[in-house]
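Chain by chain, the residues:
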Amino acid sequence: MSLLKVTIDNKTIEVEPGTTILQAARMIGPDVAPPAMCYYTKLKTSGGYCRTCLVKVSKGSEKDPRPMPKLVASCRTTVMDGMEVENFTSPEVVDARNGVVEFLLLNHPLDCPICDQAGECHLQDLSYENGKSKTRNEFERRTFEKIDIGDKIQLHMTRCILCYRCVKVADQFTPERVHGVINRGEVSEISTYIQHAVDNDFSGNMIDVCPVGALTDKTFRFKSRVWFLKPVDAHRNCDKCSGKTVLWKYGQEIYRITGRKDQWGEVEEFICNTCRFDKKAPSDWTEEGPRKLSRHSVISQGQYGAKTKFVASPVTLPNKQLS
Amino acid sequence: MSRKLLLANDHIPGIQSYEVYRSNGGYRSVEKALKTMSPDDVVEEVKKSGLRGRGGAGFPTGMKWSFLAKPEGVPRYLVCNADESEPGTFKDRYLMEHIPHILVEGMITSSFALGANTSYIYIRGEYFYVARIVEKAIAEAYANGWLGKNILGTGFNHDMYVQVGGGAYICGEETALLESLEGKRGNPRIKPPFPAIAGLYGCPTVVNNVETIAAVVPIVNDGGDEYAKIGIGRSTGTKLISASGNINKPGVYEIELGVPVEEFIFSDQYCGGIANGKRMKACVPGGSSVPILPDYLVCKTAAGEDRLMTYESLSDGGFATGSMLGSGGFIVYDENQCIVRNTWNFSRFYHHESCGQCSPCREGTGWMERVLHRLEKGMGNMSDIDLLVEVAKKIEGNTICPLGDAAAWPVAAAVRHFRHEFEHHVLHPDKVKDPKHGHREPIMPVKPQPVTA
């Protein structure tokens, strides 16, 4: 098979047939990669819902150079030979993306100060880059009751942006379909079948794939802000999963365990619930060393030994203040 | 007098029953197609006829049929979209209620052309009694050998099923319809792949509107060339128009495409003029999703030509001064109707019917509805009007399926043509607090205004 040539924001790359525009853009680098809230490489049929990855195809292909009439979702559009794509260089795309971010934030509570996801939230990053400083929504935002999905996961639907990633996790990792979307339109809601607990060894991955703070780890809720913790790569011999995880530590104490996320916020390998929730003793793990973080990540700001100015006063953890 | 093809036998008593339908020339097209034509011949006739999809988008049917993938060993399906839920459109209900056999006949002929051995008629939940009528017609067709194994001894097998939906507007979108038919949540699929490649159960599928399928019957009977003689330009044949609103004779009319809009509204043969001797204020020519037209653009285009009931003429001038034929839901408003209230009503419908899959439509329709509600109740301010335009622009074209566009267009068009009325709502909140405002006297005098795009 011959490689296809695609140009994104004036940068050209050759990719294999079947690659989507988003994947091609990620190969070129973060400078041209559109943001994605619902697309997840490792989940089949994900993507296409949030519309943040909209791009303009200014030239369809070498054979058919007509531009596409509408903006397309780059995560679900495959590249053609000679395709030319405009992402950040097109004002139309930037404008549409700003609109999408405004829609996503329209009913989002913006309760970042009390949200466990703060610091590693994709919506936070996205609204920082594309959002307005002030909302134009003058109406009451929709709210939902919190729901427990099993004893380890809590669903806070009010924060959800309906990316369907957790639905795909439940669909593709569990044998029975108990997790899905009920109702429609603005009041649609992620739900488990009549409040069934999702009882599966891999259900914890819903927390990792959630781009916002809608699904949170109940063993970690309100324990600490993520940027106070030090991420350390570690592994253990696990008979269910690869056992390759990231430990989030404060001193020697392990506060939480997640999968290893790459620069696009997607886990490298899904991990099982035993590794995630039950093995919190340092003796369970073989540490590999500190996890590399992007210099721009808010999490890297609070690191020991990071090249930021060290704050002399001791950091007190929120939960210790409470006790 | 306009020629009728679909409703030609509508006046005959008992036409719902098989015997009367058959004795009036029914099922001739099945006989002709199965015995004397090849499937490709039928597709060729439909192509020649220039028939365009009657569900709203107006895509050429023959072309759609020829796109159908034909891999070996994979079944193909024909699905009839009878999920007619557009506010202002009721032509399919009329057709199925009065002449159910023309749909069954068209389905058999079309399935033969496409090589489909199974077909489905997806009827919206609210049309439950219509589903009973169609089911009875199908049972009669089975009993008389038009369906089942080895039809007319030609070796063509065909089974037809009726599926009643749950009453969701979104299931009228073809991929959402297929999802619903498969027993899933009716969310539109992301295209490509199009249903012609991977549709129902992943097999090649054609989804057509009720009226489109019924129109295949006269095309096969009389030939595509004969059908193409009716109409003007690329708008050929006849079209069912469901006329409603402030007119003297609301109802379903079969027109030859190319009838002037003025004649359609004012002649006694059709709508019979505006009711109660009032003036026309506005018109929605193709169902709630298409842009509204003010009175001075209904009968004449911006260039001063007569506007005709055709796909091209109604969309003349683009969205600045034109509209669309859409599904043929022709709604006329007299001077006492409040455009803001009407726009709010449409917007409320789209808010309720949005499936919630993609963000612009899920959040935007609700936002527009709330802003319009505020304006209508006299609690809005001037910036709301521009906000509406901007939100509509952000939704339009950025969604998975056309529901987002359908929600945005009527709002944008109403603000474009009736901005003064929105402003009136902001400036005189005391006058519009009464929910019946405008009923006794016009909200504002109808005055023609030039439009700048």
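Residues numbered from 1 in each chain as written. Chains lettered and ligands numbered in written order. Predicted model: local features only at pLDDT ≥ 70, side-chain atom pairs only at ≥ 80, totals over all residues. Heavy atoms only, no water.

Chemist: Hey, could you run me through the domain arrangement of chain A in this one?
Modeler: Size of an interface: often given as the accessible area lost when the parts come together. All names here are of chain A. Along its sequence, chain A is carved into domain 1 (4–100), domain 2 (107–134 + 141–217) and domain 3 (226–302). Taking only C-alpha atoms, the centre of domain 1 and the centre of domain 2 are 26 Å apart. Domain 1 puts 15 residues into the contact, and the matching count from domain 2 is 15 residues. Taken over both partners, the interface formed by domain 1 and domain 2 buries close to 1300 Å², and the fraction arising from carbon and sulfur atoms is 61%. Broken down residue by residue, the surface that domain 1 buries against domain 2 is led by Met 37, Leu 43 and Tyr 49, which jointly contribute 47%. The interface formed by domain 1 and domain 2 holds zero salt bridges in total. (Domains from an automatic or database assignment. Contact = heavy atoms within 4.5 Å. Buried area = accessible area lost by both parts, 1.4 Å probe. Salt bridge = Lys/Arg side-chain N within 4 Å of Asp/Glu carboxyl O.)

Chemist: Explain the pairing of strand S1 (residues 4–8) of chain A to me, please; I cannot follow it from the model alone.
Modeler: The side chains of a regular strand alternate, residue by residue, between the two faces of the sheet. Residues and elements named next belong to chain A. For S1, the buried fraction is high: four of the five residues fall into the buried class. Linking two consecutive strands that pair antiparallel, namely S1 and strand S2 (residues 11–15), is a turn of two residues; a positive phi of about 50 degrees is found at Asp 9 within it. Sheet topology places S1 next to strand S5 (residues 83–86); three bridges connect them, and they run parallel. Within the sheet, the bridge partner assigned to Thr 7 lies in S5 and is Glu 84. (Buried < 20%, exposed > 50% of the residue type's maximum accessible area, 1.4 Å probe, protein only. Helix = DSSP H or I, 4+ residues; strand = E, 2+ residues; numbered from the N terminus. Pairing = 2+ DSSP bridges.)

Chemist: Got a minute to help me understand the packing of aromatic side chains in this structure?
Modeler: The geometry of an aromatic ring pair is captured by the separation of the ring centres together with the interplanar angle, meaning the angle of the planes. With the rule as written, the count across this model stands at 23 aromatic pairs over all chains. Taking the centre distance of 6.0 Å and the plane angle of 90 degrees together, the rings of Tyr253(B) and Phe264(B) count as edge-to-face. One end of the pair, Tyr253(B), is in strand S9 (residues 251–256); the other, Phe264(B), is in helix H11 (residues 261–266), and eleven residues separate them in sequence. Across this residue pair, the class does not change: Tyr253(B) and Phe264(B) are buried. With a centroid separation of 4.9 Å and 75 degrees between ring planes, the pair formed by Phe319(B) and Trp409(B) is classed as edge-to-face. Of this pair, Phe319(B) sits in helix H14 (residues 318–321) while Trp409(B) sits in helix H18 (residues 403–427); the two residues are 90 residues apart in sequence, bridging distant segments of the chain. Exposure remark for Trp409(B): the relative accessible area of 19% places this residue in the buried category. The structure contains a cluster of three or more aromatic residues connected by ring pairs, namely Tyr40(A), Phe173(A), Phe202(A) and Phe270(A). If you follow Arg256(A) out to its NZ or CZ, it ends over the ring of Trp248(A), 4.6 Å from the centre. Sitting above the plane of the Tyr127(B) ring, Arg124(B) keeps its charged end 5.0 Å from the centroid. (Phe/Tyr/Trp six-rings, centres within 6.5 Å; stacked < 30°, edge-to-face > 60°. Lys NZ or Arg CZ within 6 Å of the ring centre and 35° of its normal.)

Chemist: Help me understand the pattern of salt bridges in this model?
Modeler: Close approach of charged atoms allows side chains of opposite charge to pair. Counted by the stated rule, this structure contains 53 salt bridges over all chains. A salt bridge links Lys394(B) to Asp95(A), with the shortest nitrogen-to-oxygen separation between them at 4.0 Å. Of this pair, Lys394(B) sits in helix H17 (residues 382–395) while Asp95(A) sits in helix H2 (residues 91–106), on two different chains. With relative accessibility at 9%, the residue Lys394(B) sits in the buried group. On the accessibility criterion, Asp95(A) (42% relative accessible area) is partly exposed. For Asp208(A), the salt bridge identified is with Arg276(A), shortest N-O distance 3.1 Å. Of this pair, Asp208(A) sits in helix H5 (residues 205–209) while Arg276(A) sits in helix H6 (residues 273–278), placing them 68 residues apart in sequence. By relative accessible area, which is 3% here, Asp208(A) ends up buried. Put simply, Asp233(A), Arg260(A), Glu268(A), Glu288(A) and Arg291(A) are held in one network by salt bridges that share partners.

Chemist: Any chance you could explain the nonpolar core here in plain terms?
Modeler: Soluble globular proteins tend to bury their nonpolar side chains together. Membership of the largest hydrophobic core comes to 106 residues, with the highest contact counts inside it found for Leu123(A), Ile190(A), Ile292(B), Leu388(B) and Phe422(B). The element best represented in this core is H18(B), accounting for twelve residues. What Phe422(B) contacts, discounting residues up to four positions off in sequence, is Val340(B), Thr343(B), Leu372(B), Leu375(B), Ile385(B), Leu388(B), Ala414(B) and Val415(B). Formed by 62 residues, the second largest nonpolar core is a distinct cluster that contains Leu103(B), Ala131(B), Val206(B) and Ile219(B). (Core = buried A, V, L, I, M, F, W, Y, C linked by side-chain atoms within 4.5 Å.)

Chemist: In this structure, what is going on with the sheet that holds strand S2 (residues 118–123) of chain B? I would like to understand it.
Modeler: Adjacent strands of a sheet form backbone hydrogen bonds with each other and so pair up, either parallel or antiparallel. Residues and elements named next belong to chain B. Strand order in this open sheet of five strands is S3-S4-S2-S1-S5, and the pairing throughout is mixed. Each edge of the sheet is formed by a strand with only one pairing partner; in this case those strands are strand S3 (148–151) and strand S5 (205–209). Recorded for the sheet is a direction-independent mean angle of 25 degrees between the axes of neighbouring strands. Bridge count between strand S1 (residues 77–82) and S5: five bridges; the pairing is parallel. Its bridge partner being in S5, Leu 78 is matched across the sheet by Val 206. Set on the sheet, helix H7 (residues 128–143) makes contact with S2, S3 and strand S4 (156–164); between it and S4 the angle comes to about 165 degrees. Helix-sheet contacts for helix H9 (residues 210–222) involve S1 and S5, and the interaxial angle to S5 is about 90 degrees. (Axes fitted to C-alpha atoms, helices over the stretch in contact; angles between N-to-C directions.)

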